[in-house]
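Chain by chain, the residues run as shown.
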Amino acid sequence: MEISSSPKISPFASLKVVEFRNLMLGRFLFIMGLRMMGTLVGWWIYELTNEPFAIGLIGLAEVIPAVSLALYAGHVIDISEKRKLLLRGVILYWICAIILLGLSIYNDKADNTNAFAANRTLIIAICIYFVVFCTGIIRSFTGPSFGTIVGSIIPKDLLQNATTWSQGIWLTASILGHAIVGFIIAGFGHTGALITVVSLVTIGYFFIAKITAKPPHADLVVNQNTLESVKEGLRYVYNTKELLGALSLDLFAVLFGGAVAMIPVYAVDILKVGPIGFGWLNAASDIGAILIIFIITLFPVTAGQGKKLLIAVGGFGLCIIVFALSKLFWLSFAALLLSGILDGFSMIVRGTIVQLKTPDHMRGRVMSVNSMFINSSNEFGQFESGVAAKLLGVIPSVVFGGTMTIIVVATTWFKAPSLRKMEY
């Protein structure tokens with residue numbers, strides 16, 4: 001079934017919906033804070049351990065609870081008042097940021113010359129991993145909640161436009177979070193960066209709180225058994241081949257193409273550019289993504305979306321290989337920038353497929369499956385990068401990841417014809 005979109009819809013149509021604007025403002029501030037915190041944690045752990053594998057463990061610490069709870073979280077989201085559930089998640093993230101801020105203040109004031117300095121470093125690292133584990137639990141509920149609320153606020157004919165804006169706002173927040181935190185670390189240290197994170201999450205909470213209550217959909221079987229509810233969501237995703245193909249492609253492509261996890265190593269040991277260069281390298285792919293999303297917002301893709309999705313992901317893998325082999329900052333930045341353009345395109349197509357193909361009463365469960373795939377690809381990808389770097393060395397491991405991404409795309413091209421031929 002093809003879903004056509006009207007060319008007469010204004011690029012700013014969804015932003016005229018007041019609740020959508022408040023949700024997006026809150027999401028912008030919230031995601032910006034979280035991206036700053038995630039980037040800071042990677043840098044902080046590498047400072048403490050000087051070990052690439054330790055960066056990979058960050059991804060593992062977050063993905064285990066996030067993926068383990070994803071299906072149950074989808075059931076809870078569908079049967080819950082979604083605004084309240086999301087706000088609780090934001091508060092819990094705020095508490096995690098406060099804990100990290102406390103660790104940073106403690107570390108800044110501690111005496112680094114005494115015999116306990118090495119043990120203190122280990123304790124701080126363990127505490128950071130524990131906080132990251134907690135954010136994985138929270139993320140399994142908050143991530144899908146945003147997408148579910150978008151679907152309940154926006155009319156069907158504006159969903160493609162709203163999805164484009166939602167992805168663009170998410171990526172803009174990521175750009176600013178990745179880039180700015182490098183400058184803040186350089187000027188004000190970890191403590192200054194975490195104070196900024198706490199402030200952003202606090203303000204974001206108040207914007208999200210402005211939206212009205214979002215109770216369960218009228219078509220939902222409220223007294224349905226939890227296990228049967230979870231199975232229903234999985235069956236729907238499995239039986240909707242375009243949806244399954246798009247999610248699987250993202251899972252395996254990003255799993256192997258997670259070069260971003262090794263950016264702290266490239267910044268410190270290979271390109272030798274320090275925290276400011278580190279911030280720009282982190283932001284490069286997001287800058288590329290927001291450029292293409294801006295273009296797509298004004299000029300939507302009207303045909304051949306499935307085929308173009310596969311080509312974009314293949315190009316993403318090629319960019320990762322170029323980044324892996326580069327010894328020049330400008331070339332590394334350019335490779336990541338282009339990878340972001342291609343990844344941004346694929347995010348728009350995939351996100352639109354998910355929104356358009358999902359019934360209202362199943363949005364929580366389907367968004368949670370989507371979140372599970374994304375969490376698996378990003379965080380397992382970070383862990384895979386750490387393990388591969390340990391076994392193969394940093395540069396060969398990133399080359400391997402880009403090559404595997406291209407192989408995944410080639411396999412999907414032939415094995416998932418319905419995705420390749422899909423248009424909306």
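Residues numbered from 1 in each chain as written. Predicted model: local features only at pLDDT ≥ 70, side-chain atom pairs only at ≥ 80, totals over all residues. Heavy atoms only, no water.

Asker: Residues and numbers for the nonpolar core, please.
Answerer: With 120 residues, the main nonpolar core has F20, L23, M37, L100 and I128 as its most contacted residues. Ranked by residues supplied to this core, first place goes to helix 6 (residues 159-208) with 17 residues. Setting aside anything within four residues of it in sequence, one finds F20 in contact with S14, L15, V150, I153, I154, A162, W165 and S166. Counting 5 residues, the second-largest nonpolar core is a separate cluster that includes V76, I77, L85 and F141. (Core = buried A, V, L, I, M, F, W, Y, C linked by side-chain atoms within 4.5 Å. Buried < 20%, exposed > 50% of the residue type's maximum accessible area, 1.4 Å probe, protein only. Helix = DSSP H or I, 4+ residues; strand = E, 2+ residues; numbered from the N terminus. Contact = heavy atoms within 4.5 Å.)

Asker: How would you explain the confidence of the model for the chain if you had to name every residue and give the values?
Answerer: Taken over all residues, the pLDDT of the chain has a mean of 82, while the share at 70 or more is 90%. Counting contacts from residues 1-6, a segment whose pLDDT is below 50, to residues more than four positions away or on other chains yields 7 contacts. (pLDDT = per-residue confidence, 0-100.)

Asker: Describe the side chain of S140, listing the residues and the values that go with them.
Answerer: For S140, the position within the fold is in helix 5 (residues 117-153). Judged by relative accessible area, which is 1%, S140 ranks as buried. Polar contacts involving the side chain of S140 include one to the main-chain carbonyl oxygen of I137, which spans 2.6 Å. Beyond its immediate stretch of four places on either side in the chain, S140 contacts P65, A66, L69, A70 and A73. (Polar contact = N/O pair within 3.5 Å; in protein donor to acceptor, adjacent residues only side chain to side chain.)

Asker: I'd love a proper account of the pattern of salt bridges, names of residues and values included.
Answerer: As enumerated under the stated definition, the model contains 3 salt bridges in all. The closest approach of N and O atoms between K214 and E19, which form a salt bridge, is 2.7 Å. Within this pair, whereas K214 is found in the loop between helix 6 and helix 7 (226-239), its partner E19 is found in helix 1 (residues 18-49), the two being separated by 195 residues in sequence. Across the pair, E19 and K214 agree in class, each one buried. The salt bridge partner of E62 is R139, with a shortest N-O separation of 3.0 Å. One end of the pair, E62, is in helix 2 (residues 52-68); the other, R139, is in helix 5, and 77 residues separate them in sequence. Comparing E62 with R139, the two get one shared label, buried. (Salt bridge = Lys/Arg side-chain N within 4 Å of Asp/Glu carboxyl O.)

Asker: Describe the packing of aromatic side chains, with residues and values.
Answerer: Where two aromatic rings form a pair, the distance of their centres and the angle of their planes describe that pair. Enumeration according to the criterion identifies 8 aromatic pairs in this entry. Aromatic side chains F183 and W280 sit 5.9 Å apart centroid to centroid with 85° between the ring planes, which places their arrangement in the edge-to-face category. Residue F183 is located in helix 6, and its partner W280 is located in helix 10 (residues 274-298); the two are separated by 97 residues in the primary sequence. On the basis of relative accessibility, which here comes to 38%, the residue F183 falls in the partly exposed class. (Phe/Tyr/Trp six-rings, centres within 6.5 Å; stacked < 30°, edge-to-face > 60°.)

Asker: Hey, could you go over the packing of helix 4 (residues 82-109) against helix 6 for me, with residue numbers and the actual values?
Answerer: As a packed pair, helix 4 and helix 6 sit with axes 9 Å apart at the nearest point and diverge in direction by 165°. With respect to helix 6, the axis of helix 4 lies roughly antiparallel. In terms of crossing hand, the pair formed by helix 4 and helix 6 is left-handed. Partitioned by chemical class, the residues of the contact of helix 4 with helix 6 number 17 nonpolar, 4 polar and 2 charged. (Axes fitted to C-alpha atoms, helices over the stretch in contact; angles between N-to-C directions. Parallel < 35°, antiparallel > 145°, perpendicular 65-115°, else oblique. Left-handed = near helix turned anticlockwise from the far one by under 90°. Nonpolar A, V, L, I, M, F, W, Y, C, P; charged D, E, K, R; others polar.)

Asker: I'd like to hear about a nonpolar patch on the surface, residue by residue, with values.
Answerer: Together, I91, L92, W94, I95, I98 and I99 line one region of the surface with nonpolar side chains, adding up to about 470 Å² of accessible area. By the element assignment, I99 lies in helix 4. With relative accessibility at 42%, the residue I99 sits in the partly exposed group. (Patch = residues over 30% accessible without salt bridge, like charges linked within 9 Å, V, L, I, M, F, W, Y side chains within 5 Å. Areas by Shrake-Rupley, 256 points an atom, 1.4 Å probe, with all protein chains shown as cover.)

Asker: So what's going on with empty space enclosed by the protein? Residues and values would help.
Answerer: Taken as a whole, this structure holds 4 cavities of 30 Å³ or more when the rule is applied. Counted as a void, the second largest cavity has a volume near 90 Å³. Every residue lining the second largest cavity is counted, 11 residues in all, and those nearest its centre are D250, V313, D343, S346 and R350. Counting only elements with at least two residues in the lining of the second largest cavity, the list comes to helix 8 (241-256), helix 11 (305-325) and helix 12 (329-357). Here the element with the most residues in the lining of the second largest cavity is helix 8; it accounts for 5 residues. Partitioning the lining of the second largest cavity into residue classes produces 7 nonpolar, 1 polar and 3 charged. (1 Å grid on protein atoms, 1.4 Å probe; cavity = no way out; pocket = protein on both sides within 12 Å on 5 of 7 lines; lining within 4 Å. Points joined across faces, edges and corners; volume = space filled by probe spheres on them.)

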